[in-house]
Amino acid sequence: MVRELFQHFISYKLSLILVVILVNCAHAAIPEESSSVKADASMYFNGVESDQEEARVLGVELNFQLKQKIDSELSMELDGGPFFESGSYNSTLSLDEYAPRSDIKVNQAQLVWKPFAVTDLRAGLLNQSWMESPLLLGRVAFPTAYQQLYLYRGNLNFQIYMIYTQSIPNNRNLSNRMGEISEGTPSLMTESLGVKMWGEQLKFKMHLSHFNFSNLSHATASKSQFLGNSVFGLAGNAEYLYSFKGYNLMSKLEHPLTSEWKAVWHGEYLYNSQAPNGRNSGYMGSLGLQDKKFMLQLGYYYNESDSSPAYYNDGKLGHNNMKGVLTALSFFQLKPNFDLHLKYFLRQKIKASSYQSDGGMITLTMVRHYDF
């Protein structure tokens, strides 16, 4: 496996060298006070086990984050880099979601314009993790126009805001593991109303979003039937049985327990108004205990078959028609700028399906952070 990883690295070395040269040239050309360059070097292992899928994948990833201030109102943000994987994958389904791959990934590439104190305008490839709602959308970059308006932004660490986005969900799985689908031009519209407050004793964030997917492709629907959605037709004629239009509520809360420890809550509720009861909702909640060098998180989730398009949400949770338990253990600063993350997902079908099976997934990630 190590030899195969080395061969992948050699085959992609020109791309890697180009990325490094571009980052260093950009950093050298920009004054320190107007830019920042950071990088992460990661080694990870993903293991999947179920009656229909089995995967053992070892990978390495180099990720660069560049922020450049163009003027007082306009800035540019780039986030991405190459990754190289090797391992084994077996499936009885028409999927290769967890198969080893090597590629160059763009997590985010956007222009940020703040012409007024109450506005935040963004355009480009925007990572949808801003919603912090994995049952609806995972960590993937869509071509997006993003507009944020602060309805209240006082000096008391309290904000009320609205966010409006228009996106083109690219026909590619969030983990970059299921291959590209070229058919169609889907769209996603979201409108969100949120509140945020923070202080020494409490940090709280919540937003309610309305979402509307349209023009989802036949090929995406064909893939989604293996991920829990209700679909009729085969291959190029496949269509989702229900549309996807509804509401998503996200909440986060941090509260100190002692001078060192704090409790962290993260919750999500998802509702699709276009699907019938028993198929149209999902929810998840997790509770964590954290200090500066350690975090333990336990959670539970339940996501019905047609609460969201399965092709675009978080695959680690098993997509749709799944419930399960998640456990996460993180160690920060084991050595300077070195972190370790271990996660386990135990997944179970909600309703019987010949396309899905119960199983589990484990991920182990080691990260070294660099700040240039």
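How each quantity is defined
Residues numbered from 1 in each chain as written. Predicted model: local features only at pLDDT ≥ 70, side-chain atom pairs only at ≥ 80, totals over all residues. Heavy atoms only, no water. Helix = DSSP H or I, 4+ residues; strand = E, 2+ residues; numbered from the N terminus. Buried < 20%, exposed > 50% of the residue type's maximum accessible area, 1.4 Å probe, protein only. Contact = heavy atoms within 4.5 Å. Areas by Shrake-Rupley, 256 points an atom, 1.4 Å probe, with all protein chains shown as cover. Patch = residues over 30% accessible without salt bridge, like charges linked within 9 Å, V, L, I, M, F, W, Y side chains within 5 Å. Salt bridge = Lys/Arg side-chain N within 4 Å of Asp/Glu carboxyl O. Lys, Arg positive; Asp, Glu negative; His and termini not counted. Charge placed at Lys NZ, Arg CZ, Asp CG, Glu CD. Phe/Tyr/Trp six-rings, centres within 6.5 Å; stacked < 30°, edge-to-face > 60°. Polar contact = N/O pair within 3.5 Å; in protein donor to acceptor, adjacent residues only side chain to side chain. Pairing = 2+ DSSP bridges.

Draft legend 1. Representation of the overall build of the chain in the model. In terms of helices and strands, the chain carries three helices and 18 strands. Within the span of the chain, comprising 372 residues, buried residues form 46% of the whole. Partitioning the contacts of the chain with sequence separation of at least 6, the portion at a separation of at least 24 is 59%. Counting only carbon and sulfur atoms, one obtains 59% of the accessible surface of the chain, whose full area is about 18400 Å².

Draft legend 2. Spatial organisation of a positive patch on the surface. On the surface, Lys38, Lys67, Lys114 and Arg153 cluster together to form a positively charged patch. Mapped onto the fold, Lys38 is located in strand 1 (residues 35–50). Judged by relative accessible area, which is 39%, Lys38 ranks as partly exposed.

Draft legend 3. Quick peek at the packing of aromatic side chains. Per the counting criterion, the structure on display carries 11 aromatic pairs. With 6.1 Å between their ring centres and 70° between their planes, Phe211 and Phe213 make a pair best called edge-to-face. Residues Tyr311 and Tyr312 carry aromatic rings whose centres are separated by 5.5 Å and whose planes lie at 90° to one another, so their mutual orientation is edge-to-face. The class for Tyr312 is buried, based on a relative accessible area of 0%.

Draft legend 4. Structural view of a nonpolar patch on the surface. Taken together, the side chains of Leu208, Tyr247, Leu249, Tyr269, Tyr283, Tyr300, Val325, Leu342, Tyr344, Leu346, Ile362 and Leu364 make up a nonpolar region of the molecular surface, amounting to roughly 1000 Å² of accessible area. Checked against the element boundaries, Leu346 lands in strand 17 (residues 338–349).

Draft legend 5. Quick peek at the pattern of salt bridges. A full pass over the atoms with the stated rule returns eight salt bridges. With a shortest N-O distance of 3.1 Å, Arg122 and Asp120 are connected by a salt bridge. Under the relative-accessibility criterion, Asp120 is labelled buried at 5%. Two residues, Asp306 and Arg279, come together in a salt bridge whose shortest N-O distance is 3.7 Å. Pair noted here: Asp306 is in the loop between strand 15 (294–303) and strand 16 (322–335) and Arg279 is in the loop between strand 13 (262–272) and strand 14 (281–290), with a separation of 27 residues, a long-range link. By relative accessible area, which is 0% here, Asp306 ends up buried. Residue classification places Arg279 among the partly exposed positions, given a relative accessible area of 27%. Each of Glu132, Lys205 and Lys252 takes part in one network of salt bridges that share partners.

Draft legend 6. Seen up close, the environment of Asp40. Following the sequence through the fold, Asp40 ends up in strand 1. Once the C-alpha coordinates of Asp40 and Tyr370 are considered, the two residues, 330 residues apart in sequence, prove to be 6.1 Å apart. Apart from the residues within four sequence positions on either side, Asp40 is in contact with Glu61, Leu62, Asn63, Gln65, Val367, Arg368 and His369. Engagement of the side chain of Asp40 in a polar contact is seen with the side chain of Gln65, the distance being 3.4 Å. A distance of 2.8 Å separates the side chain of Asp40 from the side chain of His369, its partner in a polar contact.

Draft legend 7. Fine view of unusual backbone geometry. One non-glycine residue, Asn321, lies in positive phi territory at about 55°. Its location among the elements puts Asn321 in the loop between strand 15 and strand 16. Overall, Asn321 belongs to the buried group, its relative accessible area being 5%. Within the chain, Asn337 stands out as a residue other than glycine whose phi angle is a positive 65°. Within the secondary structure, Asn337 is located in the loop between strand 16 and strand 17. Take Asn337: its relative accessible area is 35%, and that puts it in the partly exposed class.

Draft legend 8. Molecular detail of the pairing of strand 15. Bridge count for strand 14 against strand 15 is nine bridges, and the pairing is antiparallel. Within strand 15, the position partnered with Met284 by the bridge is Tyr301. Counting the residues that bridge the hairpin from strand 14 to strand 15 gives three residues. With 10 bridges joining them, strand 15 and strand 16 adopt antiparallel strand pairing. Counterpart to Gln297 in the pairing with strand 16 is Ala328.

Draft legend 9. Summary view of the side chain of Ser187. Its location among the elements puts Ser187 in strand 8 (residues 187–198). A polar side-chain atom of Ser187 sits 2.4 Å from a polar atom in the side chain of Ser214. Among residues more than four places away in sequence, those in contact with Ser187 are Ser167, Pro169, Asn212, Phe213 and Ser214.

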